[in-house]
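Geometric and topological summary
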Amino acid sequence: PIRSSADVRDFFRSVFRLNSKVAEDPNVQKKRITLAFEGIKSLNELSRALKSLQQNRAKHVLRDGVYFRIGQVVKHKREEWRGVVIGWHRIEPKGGDGNGQPTSLTQKSYELDPADSIRYTILLDSGDAHIHHSKRRDASDLSQAEVLQTELEVVEEPRLSRIRNTRSVQYFSRYDAETQTFIANDIMAYEYPSDVE
């Protein structure tokens, strides 16, 4: 497995040594060249993904105004479905013509309630997902929801804090019964550094 830049360097050195013999057959040469370009393409994609992860991390370092943490089990106040927090982002106030320029319709300044400036991505409990999506006909993903902070509250009841969802393994390494939270995996812990204690 490649885990560091030294591993990448060693990988390419090994490939170079294996291919140091010049192949006589043009088809073998084409295959080698194709594989080399596919390897470079894969590394470029990995580089873009890592850069995106770094940018997201920078956005999630400060938790000012963020009530819930990654892995915390929450409940919708009105609809009462349960889920676990798998992400959050700040909502930027909108206004203007899309280019940031105010128009005559947007001259008035509207203040966004600070409590409504955070939107969470919630991984829904499989048993509760029908409650959320029965009220929405345009549901494209039945296992998660995007919800404003003011619509959520923490699940205090230990029996209700265990969430069943097959996608939880993508985000969490385990469930901690003592703290009643899901423990973020390494990628989630990196992206949300201030949420992990």
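Not measured: the values here are computed from a predicted model. (Residues numbered from 1 in each chain as written. Predicted model: local features only at pLDDT ≥ 70, side-chain atom pairs only at ≥ 80, totals over all residues. Heavy atoms only, no water.)

As a further point, take the nonpolar core. Nonpolar side chains in soluble globular proteins tend to end up buried together. Ranked by size, the top nonpolar core spans 28 residues in total, and within it Ile70, Tyr120, Ile122 and Leu152 carry the most contacts. At the level of elements, strand 1 (73–76), strand 2 (82–90), strand 3 (118–124), strand 4 (144–148), strand 6 (172–176) and strand 7 (181–184) are the ones that each hand at least two residues to this core. Top contributing element to this core by residue count: strand 3, with five residues. (Core = buried A, V, L, I, M, F, W, Y, C linked by side-chain atoms within 4.5 Å. Buried < 20%, exposed > 50% of the residue type's maximum accessible area, 1.4 Å probe, protein only. Helix = DSSP H or I, 4+ residues; strand = E, 2+ residues; numbered from the N terminus.)

Moving on: the confidence of the model for the chain. Here the chain averages 80 in pLDDT, and 77% of its residues register 70 or above. For the chain, per-element mean pLDDT is lowest for helix 3 (residues 129–134), which scores 65, and highest for strand 5 (residues 152–154), which scores 95. (pLDDT = per-residue confidence, 0-100.)

To continue, consider the sheet that holds strand 5. The strands that make up a sheet pair up through hydrogen bonds in the backbone, lying either parallel or antiparallel. Pairing within the open sheet is antiparallel, and its five strands lie in the order 4-3-2-1-5. The open sheet terminates on both sides in strands that have one partner only, identified here as strand 4 and strand 5. Neighbour-to-neighbour, the strand axes of this sheet turn through a mean angle of 45°, independent of strand direction. Sheet topology places strand 2 next to strand 3; seven bridges connect them, and they run antiparallel. Bridged to Val85 within strand 3 is Ile122. (Pairing = 2+ DSSP bridges. Axes fitted to C-alpha atoms, helices over the stretch in contact; angles between N-to-C directions.)

This brings us to the side chain of Ser143. For Ser143, the location among the structural elements is in the loop between helix 3 and strand 4. Look at Ser143 and you get buried, because its relative accessible area is 14%. Looking at Ser143, its side chain comes within polar contact range of the side chain of Arg167, at 2.5 Å. (Polar contact = N/O pair within 3.5 Å; in protein donor to acceptor, adjacent residues only side chain to side chain.)

Time to look at the pattern of salt bridges. With the rule as written, the count across this model stands at eight salt bridges. Arg9 is the partner of Asp10 in a salt bridge, and the nearest nitrogen-oxygen pair spans 3.7 Å. For Asp10, a relative accessible area of 37% gives the class partly exposed. A residue is classified by how much of its surface remains accessible, and Arg9, at 43% relative accessible area, is partly exposed. A salt bridge links Glu79 to Arg78; the shortest N-O distance between them is 3.3 Å. Overall, the relative accessible area of 9% leaves Glu79 in the buried class. Exposure remark for Arg78: the relative accessible area of 60% places this residue in the exposed category. Bridged by salt links that share partners, the residues Arg82, Asp125, Asp128 and Arg164 form one connected network. (Salt bridge = Lys/Arg side-chain N within 4 Å of Asp/Glu carboxyl O.)

A few words now on the packing of aromatic side chains. Tallying each qualifying case throughout the model produces six aromatic pairs. Look at Phe172 and Phe182: their rings are 5.3 Å apart centre to centre, the planes differ by 45°, and that puts the pair in the tilted class. Residue Phe172 is located in strand 6, and its partner Phe182 is located in strand 7; the two are separated by 10 residues in the primary sequence. Taken as a pair, Phe172 and Phe182 share a single burial class, namely buried. By the ring-pair criterion, three or more aromatic residues cluster together here, those being Tyr171, Phe172, Tyr175 and Phe182. It is Arg57 that lies over the ring of Tyr190; its NZ or CZ is 4.4 Å from the centre. (Phe/Tyr/Trp six-rings, centres within 6.5 Å; stacked < 30°, edge-to-face > 60°. Lys NZ or Arg CZ within 6 Å of the ring centre and 35° of its normal.)

All right, on to the side chain of Glu191 then. Within the secondary structure, Glu191 is located in helix 4 (residues 186–191). Despite its burial, Glu191 remains without a salt bridge, the nearest opposite charge being carried by Lys59 at 8.4 Å. Discounting residues that sit within four places of it in the chain, Glu191 has contacts with Leu53, Asn56, Arg57 and His60. (Lys, Arg positive; Asp, Glu negative; His and termini not counted. Contact = heavy atoms within 4.5 Å.)

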